[in-house]
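Single-letter residue listing:
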Amino acid sequence: MADPFYVVEHKALEAFAQQLLEGAGVAPHRAALVASNLIFGNLRGVDSHGMQLLPYYVEQLNSGLIDGAQDGAPINESGATMLYNAANGLGAVTSDICCGHAIRLAKANGIAFVVARDANHFGAAAYWGRRISREGLIGFAFCNASPIVPPFQAKEARLGTNPICMSVPGPADTSWLLDMATTTVAANRIFKAYHNKQEEIPAGWAMDKEGRPTTSTNEAFNGLVMPLGGYKGTGLAVMVEILCAILGGGAMSTEVGGLRVKDRPMGVSHSFLAIDPARFTGAAEFDTRMDKLTNYLHSAAPGAGFDEVLIAGEPESRFEKARAENGIPLGPGEWQRLLDWAGKFNIAPPASNHNA
Ligand SMILES: NC(=O)c1ccc[n+]([C@@H]2O[C@H](COP(=O)([O-])OP(=O)(O)OC[C@H]3O[C@@H](n4cnc5c(N)ncnc54)[C@H](O)[C@@H]3O)[C@@H](O)[C@H]2O)c1
């Protein structure tokens, strides 16, 4: 039998997230942005980057590791580029501002690249890729992350799960949207399994402390996250580190803090790239050619064991539709951690259906 979980209507859950952030002293407009970023993760089935992050954000706000009142400020703007000081503000708050700059600069120049340093967790990178692609631009988002991943052939962590996202303009539910960690899966999927007391995780997700592959959630939690496809994943993670921390002058590798690190701010760097298709084949031609490519991919005969071929973003769009209708399921550990904070802030939690 599946583990019990709690199902909450998504708008009520978003309002609850906002209230919890306000309870931690965040102004309503900033709290609303972070709440929207988290619910986006849950709606799209990316539960690793949904409400389960909120207790960590609240802990870090309470202990002063995140400055919930900061918007940050540009350090310099030159042509199509900007370097931004995120000043330890909430990741969603400073990322929203940086995406706004990337959109403005790309509309003026055809392309723009904005790098933010001294930033915090920005949730699912897709939120930011789509923030840019909604404006008719191709949007990319990158982020370096806490060092929990060994370089290929190592057993000591030096890299983060450093996500890569690319989102193309077009209808939100049918457009290609790649959003991936440079590890087999995002680390939070392992942490989520741990908090929800699942004993096993799928093969290929993690290694134990000695660098041996493991399916034990406990060993994985205390061990290492597996680079995606061996040295290729390591190469991509280093690429992200360069595009974020090296270019931006922020913390790199083991200098980076983390959601569970209590002695220093996270200090990650984000980068956002925007490209205007109108400057190349033209916006309409771009859409036509994207449709053609998507049709080529969809028309491939499914391999053994599959009955369809999907494009990147499609699994998450399906989740989005279903969860907008049916609500968001939360694991018991995850729900309890939210209820604990609600109790401390004297906030009434939203109604939930309990499925045992
Ligand atoms: N903020 C951070 O520090 C941080 C770090 C790492 C990861 N993340 C986030 O974690 C999330 C999850 O990452 P992940 O790597 O576990 O995602 P994933 O492995 O579930 O999916 C990766 C990509 O593959 C696509 N995909 C999945 N199944 C497919 C199929 N059958 N056919 C075609 N495409 C398919 C998805 O649409 C997605 O674009 C992402 O939102 C990422 O941004 C954030």
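Quick note: structure is the one above.
Calculation rules
Residues numbered from 1 in each chain as written. Predicted model: local features only at pLDDT ≥ 70, side-chain atom pairs only at ≥ 80, totals over all residues. Core = buried A, V, L, I, M, F, W, Y, C linked by C-beta atoms within 7 Å. Buried ≥ 20, exposed ≤ 12 C-beta atoms within 10 Å, placed from the backbone. Helix = DSSP H or I, 4+ residues; strand = E, 2+ residues; numbered from the N terminus. Domains from an automatic or database assignment. Contact = placed C-beta atoms within 7 Å. Near = placed C-beta within 6 Å. Nonpolar A, V, L, I, M, F, W, Y, C, P; charged D, E, K, R; others polar. Expected span 1.5 Å × (residues − 1).

Asker: How should the nonpolar core be read in this particular structure?
Answerer: One broad trend across soluble globular proteins is that nonpolar side chains are buried collectively. With 102 residues, the main nonpolar core has Ala17, Ala102, Val114, Phe272 and Ala274 as its most contacted residues. Broken down by element, this core gets its largest block of residues, 9 residues, from helix α4 (residues 91-109). The two domains that each donate at least three residues to this core are domain 1 (1-63 + 328-356) and domain 2 (70-183 + 227-299). Filtering out sequence-adjacent residues up to four positions away, Ala17 remains in contact with Ala35, Leu38, Ile39, Met51 and Leu54.

Asker: Even after reading the chapter, I still don't get helix α6 (residues 187-195), so can you show me in this structure?
Answerer: In an α-helix, one turn spans 3.6 residues, which is why side chains three or four residues apart end up on the same side. Of all the 9 residues making up α6, 7 are buried; the element is thus mostly covered by neighbouring parts of the structure. Looking at α6, one finds that the buried residues are Ala187, Asn188, Arg189, Ile190, Phe191, Lys192 and Ala193. Its buried side turned inward, α6 meets β8 (206-207), α7 (217-221) and β10 (224-225). Phi turns positive one or two residues past the end of α6, at Lys197, with a value near 60°.

Asker: Mind showing me how you'd approach the site of the ligand here?
Answerer: Surrounding the ligand, one finds 27 residues, the nearest of these being Ala124, Ala125, Pro163, Ala181 and Ala186. When residues of the shell around the ligand are traced back to their parent elements, those giving at least two are α5 (125-133), β7 (177-180) and α10 (314-326). By residue number, the principal contributor to the shell around the ligand is β7, which donates 3 residues. Considered class by class, the residues forming the shell around the ligand number 18 nonpolar, 6 polar and 3 charged. Each of domain 1 (1-63 + 328-356) and domain 2 (70-183 + 227-299) gives at least three residues to the shell around the ligand.

Asker: For this particular structure, what's the right way to read α4?
Answerer: If you check α4, its first and last C-alpha atoms are 26 Å apart, about what 19 residues at 1.5 Å a residue would give, namely 27 Å. Gly110, located one to two residues past α4, shows a positive phi value of around 90°.

Asker: What is the right way to look at unusual backbone geometry in this model?
Answerer: For residues other than glycine, phi is negative in most cases, and the peptide bonds are mostly trans. Although it is not a glycine, Asp118 adopts a positive phi angle of roughly 55°. Along the chain, the position of Asp118 falls in strand β4 (residues 111-119).

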